[in-house]
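Single-letter residue listing:
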Amino acid sequence: MRKSDATQLKRQETDTFDTPTDLSRDAVAEISSGLRQLLADVFALYIKTKNFHWHMSGRHFRDYHLLLDEHAAQIFAMTDDIAERGRKIGGTTLHSIGDIAQHQRLKDNNAEVVSPKEMLAELCADNQQLTRSLRSTHEVCERNNDVATASLIETWIDETERRTWFLSEIIRDL
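Reading guide: rules and limits
- Residues numbered from 1 in each chain as written.
- Predicted model: local features only at pLDDT ≥ 70, side-chain atom pairs only at ≥ 80, totals over all residues.
- Heavy atoms only, no water.
- Salt bridge = Lys/Arg side-chain N within 4 Å of Asp/Glu carboxyl O.
- Helix = DSSP H or I, 4+ residues; strand = E, 2+ residues; numbered from the N terminus.
- Buried < 20%, exposed > 50% of the residue type's maximum accessible area, 1.4 Å probe, protein only.
- Core = buried A, V, L, I, M, F, W, Y, C linked by side-chain atoms within 4.5 Å.
- Contact = heavy atoms within 4.5 Å.
- Phe/Tyr/Trp six-rings, centres within 6.5 Å; stacked < 30°, edge-to-face > 60°.
- pLDDT = per-residue confidence, 0-100.
- Axes fitted to C-alpha atoms, helices over the stretch in contact; angles between N-to-C directions.
- Parallel < 35°, antiparallel > 145°, perpendicular 65-115°, else oblique.
- Left-handed = near helix turned anticlockwise from the far one by under 90°.
- Nonpolar A, V, L, I, M, F, W, Y, C, P; charged D, E, K, R; others polar.

1. Structural notes on the pattern of salt bridges
Applying the stated criterion to the full structure yields eight salt bridges. Measuring nitrogen to oxygen at the nearest pair gives 2.5 Å for the salt bridge that ties Asp-126 to Lys-48. Within this pair, whereas Asp-126 is found in helix 5 (residues 116–143), its partner Lys-48 is found in helix 2 (residues 25–55), the two being separated by 78 residues in sequence. Residue Asp-126 is classed as buried on the basis of its relative accessible area, which comes to 10%. The partner of Glu-169 in a salt bridge is Arg-172, with the nearest N and O atoms 2.8 Å apart. Of this pair, Glu-169 and Arg-172 both sit in helix 6 (residues 147–172), separated by three residues, roughly a single helical turn.

Structure below.
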């Protein structure tokens, strides 16, 4: 056995628990890995959305502030479902802020000042990227016949596309 094969096997053993499921061990490892990345991205998007909500300014402050709070609540609501779905099939999930940072694909924004237009455009792009990641994980679920996870992801895709739509309509006129 090659070293990379042994490493992969060890990783699969640590990424899964002995939870009753009809999914194969490889399927659980692949799906739960995708769910960990999604969860990290969702936490990153939640923090960014709240950051922009807190630091919004300008003549449309109230409308944008309330919209971003609504978006953040919707995004945060996804976190428990993602993590619990991973555990339900026998996988592991995130353990810490460092774990989130290690798995996230969406970029943080640590700038002191960001204009409202830049905020909304960045959130729009991040939601589009999240949609692509959701679709990719959905394909993994379909390939492994995990219809329950795929069904949840379909709802999250719809919600994420709606956020993207709202944001894109707003930035069109800014």
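2. Some thoughts on the nonpolar core
Counting 39 residues, the largest nonpolar core has Ile-31, Leu-68, Ile-82, Leu-134 and Leu-167 as the members making the most contacts within it. Looking at this core, the elements with two or more residues in it are helix 2, helix 3 (61–88), helix 5 and helix 6. When residues in this core are grouped by element, the largest group, eleven residues, is from helix 2. Excluding residues within four positions of it along the chain, Leu-167 makes contact with Leu-67, Leu-68, His-71, Leu-120, Leu-123, Cys-124 and Asn-127.

3. A short note on the packing of aromatic side chains
Overall, the coordinates contain two aromatic pairs when judged by the stated rule. Each ring, one from Tyr-46 and one from Phe-76, has its centre 5.0 Å from the other, and the planes form 45 degrees; the classification is tilted. Of this pair, Tyr-46 sits in helix 2 while Phe-76 sits in helix 3, and the two are 30 residues apart along the sequence. Residue class for Phe-76 comes out partly exposed when judged on its relative accessible area of 42%.

4. Some words on the confidence of the model for the chain
Residues of the chain with pLDDT of at least 70 account for 89%, and the chain-wide mean is 92. Within the model, the stretch residues 5–10 combines pLDDT values under 50 with two contacts to residues more than four positions away or in other chains.

5. Here we look at the packing of helix 3 against helix 6
Remark: helix 3 packs on helix 6, axes separated minimally by 11 Å, with the N-to-C direction vectors making an angle of 165 degrees. It follows from the interaxial angle that helix 3 and helix 6 lie roughly antiparallel. In this structure, helix 3 crosses over helix 6, and the sense of that crossing is left-handed. Contacts from Tyr-64, Leu-67, Leu-68, His-71, Gln-74, Ile-75, Met-78, Asp-81, Ile-82 and Arg-85 of helix 3 reach helix 6 at Ala-148, Thr-149, Leu-152, Trp-156, Glu-159, Arg-163, Phe-166, Leu-167 and Ile-170. A per-class count over the contact of helix 3 with helix 6 returns twelve nonpolar, three polar and four charged.

6. What about the side chain of His-71?
The topology assignment puts His-71 in helix 3. Residues within four places of His-71 in sequence aside, it is in contact with Thr-49, Arg-163, Phe-166 and Leu-167.

7. Looking at the packing of helix 2 against helix 3
Their axes nearest at 9 Å, the elements helix 2 and helix 3 cross at an angle of 160 degrees. In this view, helix 2 runs roughly antiparallel relative to helix 3, as classed from their interaxial angle. The element helix 2 and its partner helix 3 pack so that their crossing is left-handed.

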